[in-house]
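Okay, here's what each chain looks like letter by letter:
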Amino acid sequence: MGKKVKRWMTTLIIVWVLVALMPLPVFASNTSASGGGTVEPGETVTVTAVFSAKEGQIMSLTANLQYDKNKLDFQGVTSPNAEVVRRSEGAFVRDPARTGKESLTAVFTFRAKSSGSSTVRIRTTDAIDGNFSDLSISTSNSVTITVREPEPEPEPEPEPEPQPEPEPQPEPEPEPRPEPRPEPQPQPEPEPEPQPEPQPEPEPDPDPEEEAEQEPDEEIEEEPEDEEEPLIIEVRGNSYYLKRDLSGIEPPLGFSVRQVMFEGEETDGAVDEIRELTLLYLMNIESEEGAFFLYEEEMNEVHPYRTLSFDVTYVLMKKPPEIPLPEGYEETSFTLDGVEMDAWKDMGEEHGTEYLLYLMNEEGEKDFYVYDTEESTVQLFSIEIEEESPDSQVEQWSAEGPSVESLRATRRRTGIKLSLAVIGAGAVTAMVVLLVKKRKKRYNR
């Protein structure tokens, strides 16, 4: 009888372990895309992708784009119902509540570069649901964007050449009339013949050249007033000019267009009133490409506007001269989104991946932070982070959203803990059964 009970308990424990280690269900999902159309070079066009789950919920995924880079330029991504972080050729899409949704939407914006047609394809990877289970999302049908050649401007009609004015003809001189001769009268005595009166000399003909000089001068056209000279700004060895009118330019999230003062002149700028930040829009003189730059009025400094997005969004700031640098760090730089930014590095870690940055958080507080370029994590410099232990697991969120590998590792650890709990419960149950059996034997004796 004892052997049967032990076999039964062993079988029960094995079944519990197998159930605990079974993988969670995976639901299929699909992707639909819309948008595109026909545009001219320089215009923008959007492609909307909707990632939906047939069963279960979608918590996050990575959307990769395939398109002709000679005809289209990827500008950015937005979403009406999800958090999105732009990547080099795509975006990371995540449910803001971290619980999962039936569908997530991403709107990708492109700028047309040259004439022709380009097919935009969206391929999804690393998709997980609210239980951290992998999702299989099918690739959407292609969306075609056609860039037509701009219509040539009509050539202006040539202005007619001015016809020379005819020269005035001089009036003909009147012929002198002969004076009547007196009729002879019989006179007793001869009288002397009358002398002919002197004829007036004819006036000289008018000189046409002198008449042309006496004509009134033509009206001189007024020269147009000079346009306002552009304000040139030097930033990190590159020359930019200030764009004073921001009509048609969308400011970053949290900013609104306002009138600001710069170099003693009023101009349009983007203002974040909560964090007291001011952005200016500068145009590169050589490439004619524009971007927002952060204007720190206290130091009269202008530098590229760059952010790091984690659970909160940080803004890279210029360190004031009066704030001392922590000991052991030397000045260096690192590249973020193709732009070189100020940073500091530990002199003892020449080949390390950690940089010290001066950042502002969403409450407007500035401080030093440690940014790991390899792990894509950021931590306050003054807080010491203890080494991670099995009993105390801290989840890290990267600049492009949560690491899929960390989520999968969390899932595996959760499964192991659940298995250990089931095994422990089975062992306790077996011990209770054995104790009850021994008591029955004693009672029967």
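Just above sits the structure.
Below is a short write-up of the structure. (Residues numbered from 1 in each chain as written. Predicted model: local features only at pLDDT ≥ 70, side-chain atom pairs only at ≥ 80, totals over all residues. Heavy atoms only, no water.)

1. Remarks on the overall build of the protein
Definition in use: Counting from the N terminus, the helices are the DSSP runs of H or I reaching at least four residues and the strands are the DSSP runs of E reaching at least two. Residue exposure (1.4 Å probe, protein chains only): buried if accessible area is under 20% of the type maximum, exposed if over 50%, otherwise partly exposed. The contact definition used throughout considers only heavy atoms, calling two residues in contact when any of these lie within 4.5 Å. The Shrake-Rupley method, run with a 1.4 Å probe sphere, supplies the accessible areas, and residue values consider only the shown protein chains as cover.
In terms of helices and strands, the protein carries three helices and 27 strands. Of all 445 residues assigned to the protein, the portion counted as buried reaches 30%. Considering only residue pairs separated by 6 or more positions, the protein has 58% of its internal contacts joining residues 24 or more positions apart. As displayed, the protein has an accessible area near 31,900 Å², and 49% of this comes from carbon and sulfur atoms.

2. A short note on the sheet that holds strand β2 (residues 37-39)
Where we set the bar: We treat two strands as partners when DSSP finds at least two bridges between them. Angles run from 0 to 180 degrees between N-to-C directions of axes, and those axes are lines fitted to C-alpha atoms, restricted for helices to the stretch in contact.
The six strands are arranged β2-β11-β9-β4-β7-β6 in an open sheet whose pairing can be described as mixed. Each having just a single partner strand, β2 and β6 (83-87) make up the two edges of the open sheet. Mean inter-strand twist for the sheet, computed between neighbouring axes without regard to direction, equals 25°. As paired strands, β6 and strand β7 (residues 90-94) are joined by five bridges and run antiparallel to one another. Among the inter-strand pairings, V85 is bridged to a residue of β7, identified as F92.

3. Things to note about unusual backbone geometry
Backbone phi values are negative for most residues with the exception of glycine, while trans is the configuration of most peptide bonds. Positive phi, normally seen in glycine, also occurs at E288, with a value near 60°. For E288, the location among the structural elements is in the loop between β16 (277-284) and β17 (290-296). E288 sits in the partly exposed class, given a relative accessible area of 44%. Of note, the phi angle at N300 is positive, near 55°, even though the residue is not glycine.

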